[in-house]
Amino acid sequence: MANSNADAEEKKEMDIRSFSSSQHNQTPYIHKVGVPPKQGVFKEFKTTVKETFFADDPLRSFKDQPRSRKLVLGLQAIFPILDWGRSYNLRKFRGDLISGLTIASLCIPQDIGYSKLANLDPQYGLYSSFVPPLVYAFMGSSRDIAIGPVAVVSLLLGTLLRNEIDPSKHPAEYLRLAFTATFFAGITQATLGILRLGFLIDFLSHAAVVGFMGGAAITIALQQLKGFLGIKKFTKKADIISVMKSVFHSVEHEWNWQTILIGATFLTFLLFAKYVGKKNKKLFWVPAIAPLISVILSTFFVYITHADKRGVAIVGRIEKGINPPSVDKIYFSGDYLMKGIRTGIVAGMIALTEAVAIGRTFASMKDYQLDGNKEMVALGAMNIVGSMTSCYVATSSFSRSAVNYMAGCQTAFSNIVMSVVVFLTLEFITPLFKFTPNAILAAIIISAVLGLIDYEAAILIWKIDKFDFVACIGAFFGVVFASVEIGLLIAVTISFAKILLQVTRPRTATLGRIPRTNVYRNTQQYPEATKVPGVLIVRVDSAIYFSNSNYIKERILRWLMDEEEQRKATSDPKIQFLIVEMSPVTDIDTSGIHALEELHRSLIKRNVQLVLSNPGRVVIDKLHASKFPDQIGEDKIFLTVADAVLTCSLKLPEEV
């Protein structure tokens with residue numbers, strides 16, 4: 001059996017040699033590179049715009065439809081509830097009812113705590129889980145995400161707003177600025193969706209988001225030490241050094257042991273509940289209702305023991321009733337307008353990034369399509385309406401969305417159920433939260449944000465891409481040791497730096513022939529690939545633009561010089577042909593063509609001929625428009641590297 005395989009391999013090798021020999025003795029058939037027909041300027045512009053902004057062909061369903069049907073489809077596109085609502089039934093309602101009640105039990109205590117992160121009174125957190133989820137249920141396209149305030153956005157909003165106005169000295173102005181920022185956050189989100197600019201949020205890399213979220217989680221947890229330890233005078237700075245100084249300076253005078261006991265006991269309970277839910281997916285409801293149980297038990301304990309009179313800080317009175325209108329409180333002019341716009345844009349973008357990422361995650365798990373631009377419009381609309389009804393920036397919460405998903409939600413109706421429960425809470429139950437200790441809210445927030453520290457993702461990022469890890473760790477340390485704004489700035493800066501680095505310094509490679517084939521591949525990836533005598537093959541793995549054209553030209557010349565030195569040392573034939581494999585070159589601009597012309601002139605001085613292989617439709621069209629083929633010769637452009645090598649080999653001296 002082994003002998004027969006060896007014989008087959010030997011016969012195959014002989015066939016290849018015979019084929020190569022016969023090709024060397026006769027002129028082979030070489031297929032020419034196709035030149036596409038000229039497109040009109042308007043048609044080319046239309047195609048480019050369509051692929052940039054309408055790549056998903058959103059109007060496909062409107063084709064060949066009567067006007068009445070188009071009207072219905074248009075309304076369904078704006079309000080997806082009109083589409084899925086037609087097939088709604090009792091079975092789906094049962095799943096949504098259970099999910100809505102479950103996430104409501106989780107969101108109520110979280111909302112009270114998150115509002116403190118935003119330096120707002122507790123009722124504003126509850127308001128933000130009443131109106132925005134209702135709007136989203138009508139306009140959102142995700143079946144699984146749960147809407148409301150989230151820790152990171154609350155902290156970001158609170159930090160940015162506090163830099164402009166002190167909430168303790170000017171509470172009314174601070175509240176107005178919060179509504180203004182929420183309004184412009186919604187405007188930003190809706191505008192991005194309407195103009196179909198959703199791809200802009202992808203410029204913040206996954207690695208940077210992982211680092212930013214992890215740093216924000218640490219910062220949020222540290223901020224909760226004030227309520228967890230019962231400290232009254234606490235630093236307003238968010239960096240870890242300032243916070244730890246404030247904590248240890250107050251250890252002798254301000255730490256309250258009753259507060260610490262309450263916080264530590266219920267934090268242990270909450271973490272244990274999360275562990276139980278993680279170990280057994282069927283017990284997802286345990287960590288979901290644990291925060292509400294903690295609030296009820298701790299509030300009852302404080303009430304019967306009068307612990308508030310022994311230094312245990314409590315929430316105090318929460319305004320009863322549903323959202324009052326706040327249109328008249330939004331700044332549309334004056335000094336605070338630009339401050340509100342700046343804060344709103346930043347908060348809106350971060351909220352958008354989080355919501356779209358969460359929505360896509362659950363959509364892929366249930367195998368349905370999520371239109372990112374529709375999501376942006378829905379999120380923007382709910383925040384615009386929210387700003388007019390005393391809400392601050394709301395978005396999708398990962399913890400609540402995960403609970404919503406595991407509880408068996410079927411549609412966005414679960415958000416309506418949650419909203420109704422929050423409405424009933426605002427109308428009838430808020431007075432009962434008066435004796436809720438701040439320590440329990442701190443414990444709930446700490447247990448919630450610990451899930452944002454994704455160390456497994458950071459380890460994976462390190463293994464895959466070291467530059468991505470730099471972005472991740474840079475954003476993390478920026479948030480932890482400086483501030484949320486600095487961390488965000490570092491995340492964005494490093495993300496853009498990576499894009500610029502990849503654009504300005506694209507990869508290039510020398511190619512060799514894989515033995516017994518006519519396939520040419522990277523010699524570093526395939527060390528067994530053999531180099532062609534007298535020929536150097538270089539591949540460019542990027543479009544050639546003004547930003548990288550000079551680098552690509554110089555890099556190709558360096559490949560040539562290095563290769564000539566190596567071949568000179570081994571007494572191999574001198575290089576007479578340089579083949580540039582252009583399959584990965586998706587586009588080229590004027591600077592790129594000038595770089596090729598300069599490369600051609602440099603090669604002529606070295607007695608080396610420039611040959612191109614497989615330029616794409618756009619590239620060959622632009623090369624012909626610039627008359628570059630006339631400079632190097634039409635016969636120097638080939639369909640494949642194999643064709644180019646074969647033709648060049650025939651032109652080499654016999655001894656080569």
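Here the structure is a predicted model, which means the values were calculated and not measured. (Residues numbered from 1 in each chain as written. Predicted model: local features only at pLDDT ≥ 70, side-chain atom pairs only at ≥ 80, totals over all residues. Heavy atoms only, no water.)

## Description of the overall build of the chain
Of the regular secondary structure elements, the chain holds 27 helices and eight strands. In the chain, buried positions account for 50% of the 656 residues. By sequence separation, contacts in the chain at least 24 residues apart represent 81% of the contacts at least 6 residues apart. Of the roughly 32,400 Å² that the chain leaves accessible, carbon and sulfur atoms contribute 62%. (Helix = DSSP H or I, 4+ residues; strand = E, 2+ residues; numbered from the N terminus. Buried < 20%, exposed > 50% of the residue type's maximum accessible area, 1.4 Å probe, protein only. Contact = heavy atoms within 4.5 Å. Areas by Shrake-Rupley, 256 points an atom, 1.4 Å probe, with all protein chains shown as cover.)

## Some details on the nonpolar core
Counting 116 residues, the largest nonpolar core has Leu 120, Phe 212, Ile 220 and Ile 350 as its most contacted members. In this structure, Phe 212 is in contact with Val 152, Ile 350, Ala 475, Phe 476, Val 479, Val 484, Gly 487 and Leu 488, ignoring residues within four places of it in sequence. Judged by nonpolar contacts, the second largest core, of 30 residues, contains Leu 557, Leu 560, Ile 632 and Ile 637. (Core = buried A, V, L, I, M, F, W, Y, C linked by side-chain atoms within 4.5 Å.)

## Quick word on the side chain of Asn 323
Tracing the backbone through its elements, the reader meets Asn 323 in the loop between helix H14 (285-305) and helix H15 (336-366). Separated by 3.3 Å, the side chain of Asn 323 and the backbone oxygen of Tyr 127 make a polar contact. Within the local environment of Asn 323, its side chain forms a polar contact with the backbone oxygen of Thr 389, the two atoms lying 2.8 Å apart. Setting aside residues up to four positions removed in sequence, Asn 323 forms contacts with Tyr 127, Phe 130, Val 131, Thr 389, Cys 391 and Leu 426. (Polar contact = N/O pair within 3.5 Å; in protein donor to acceptor, adjacent residues only side chain to side chain.)

## Description of the packing of aromatic side chains
Under the counting rule described, the total for this entry stands at 15 aromatic pairs. Between the aromatic rings of Tyr 331 and Tyr 336, the centroid separation amounts to 5.3 Å while the plane-to-plane angle is 45 degrees, which identifies the pairing as tilted. Geometrically, the ring pair formed by Phe 362 and Phe 398 is tilted, given 5.9 Å between the ring centres and 35 degrees between the ring planes. Taken together, the residues span a long stretch of sequence, with Phe 362 in helix H15 and Phe 398 in helix H17 (residues 398-406) at a distance of 36 residues. Exposure remark for Phe 362: the relative accessible area of 3% places this residue in the buried category. By relative accessible area, Phe 398 is classed as partly exposed at 43%. An aromatic cluster of at least three residues, connected via ring pairs, comprises Trp 84, Tyr 88, Phe 93 and Phe 413. Between Arg 143 and the ring centre of Tyr 368, over which it is positioned, the NZ or CZ distance is 4.0 Å. Positioned over the ring face of Tyr 331 is Arg 176, at 4.1 Å from the centre of the ring. (Phe/Tyr/Trp six-rings, centres within 6.5 Å; stacked < 30°, edge-to-face > 60°. Lys NZ or Arg CZ within 6 Å of the ring centre and 35° of its normal.)

## Topic: unusual backbone geometry
The phi dihedral of Asn 119 falls on the positive side, at around 60 degrees, and the residue is not glycine. By secondary structure assignment, the location of Asn 119 is in the loop between helix H5 (90-117) and helix H6 (122-127). Residue classification places Asn 119 among the partly exposed positions, given a relative accessible area of 25%. One non-glycine residue, Asn 614, lies in positive phi territory at about 50 degrees. Given a relative accessible area of 28%, Asn 614 falls into the partly exposed group.

## Thoughts on the state of the cysteines
Considering all chains together, one arrives at zero disulfides under this definition. Free cysteine: Cys 409, not disulfide-bonded; nearest cysteine sulfur from Cys 107 at 15 Å. Note on Cys 409: relative accessible area 1%, which makes it buried. (Disulfide = S-S within 2.5 Å.)

## Let's talk about the pattern of salt bridges
Considering all chains together, one arrives at 16 salt bridges under this definition. Asp 111 is the salt-bridge partner of Arg 400, the closest N and O atoms lying 3.5 Å from each other. Of the two residues, Arg 400 is situated in helix H17 and Asp 111 in helix H5; the sequence distance between them amounts to 289 residues. The two residues Arg 400 and Asp 111 agree in class, both being buried. For Glu 598, the salt bridge is made with Lys 553, and the minimal N-O distance between the two is 3.0 Å. Here Lys 553 lies in helix H23 (residues 549-569) and Glu 598 lies in helix H24 (residues 590-605), a separation of 45 residues in the sequence. Of the residues examined, Lys 553 reaches a relative accessible area of 15% and is grouped as buried. Linked by salt bridges that have partners in common, Glu 164, Lys 339 and Arg 342 make up one network. (Salt bridge = Lys/Arg side-chain N within 4 Å of Asp/Glu carboxyl O.)

## Section: the packing of helix H8 (residues 151-162) against helix H9 (residues 171-194)
Contact geometry for H8 and H9: axes closest at 11 Å, N-to-C directions at 125 degrees. Taken together, the axes of H8 and H9 lie oblique to each other. Crossing of H8 over H9 shows right-handed handedness. Side by side, H8 and H9 meet where Leu 157, Gly 158, Leu 161 and Arg 162 of the first sit next to Tyr 174, Leu 177, Ala 178 and Ala 181 of the second. Of the residues contributing to the contact of H8 with H9, the split by class is six nonpolar, one polar and one charged. (Axes fitted to C-alpha atoms, helices over the stretch in contact; angles between N-to-C directions. Parallel < 35°, antiparallel > 145°, perpendicular 65-115°, else oblique. Left-handed = near helix turned anticlockwise from the far one by under 90°. Nonpolar A, V, L, I, M, F, W, Y, C, P; charged D, E, K, R; others polar.)

## Focus: the UniProt feature "domain: STAS" (unreviewed entry) in the chain
UniProt marks residues 525-648 with the feature "domain: STAS" (unreviewed entry), using the numbering shown here. Regarding residues 525-648, the helix share stands at 48% and the strand share at 15%, and the terminal C-alpha atoms are separated by 25 Å. (UniProt positions renumbered as here; feature names shortened; annotations may be inferred.)

## Regarding the sheet that holds strand E7 (residues 609-613)
Taken together, the six strands give an open sheet; going across it, the order is E4-E3-E5-E6-E7-E8, and neighbouring strands pair in mixed fashion. The open sheet is flanked by strand E4 (520-522) and strand E8 (637-638), the only strands paired with a single partner. In this structure, strand E3 (residues 508-513) lies alongside E4, joined through three bridges in antiparallel fashion. Among the inter-strand pairings, Arg 513 is bridged to a residue of E4, identified as Tyr 520. (Pairing = 2+ DSSP bridges.)

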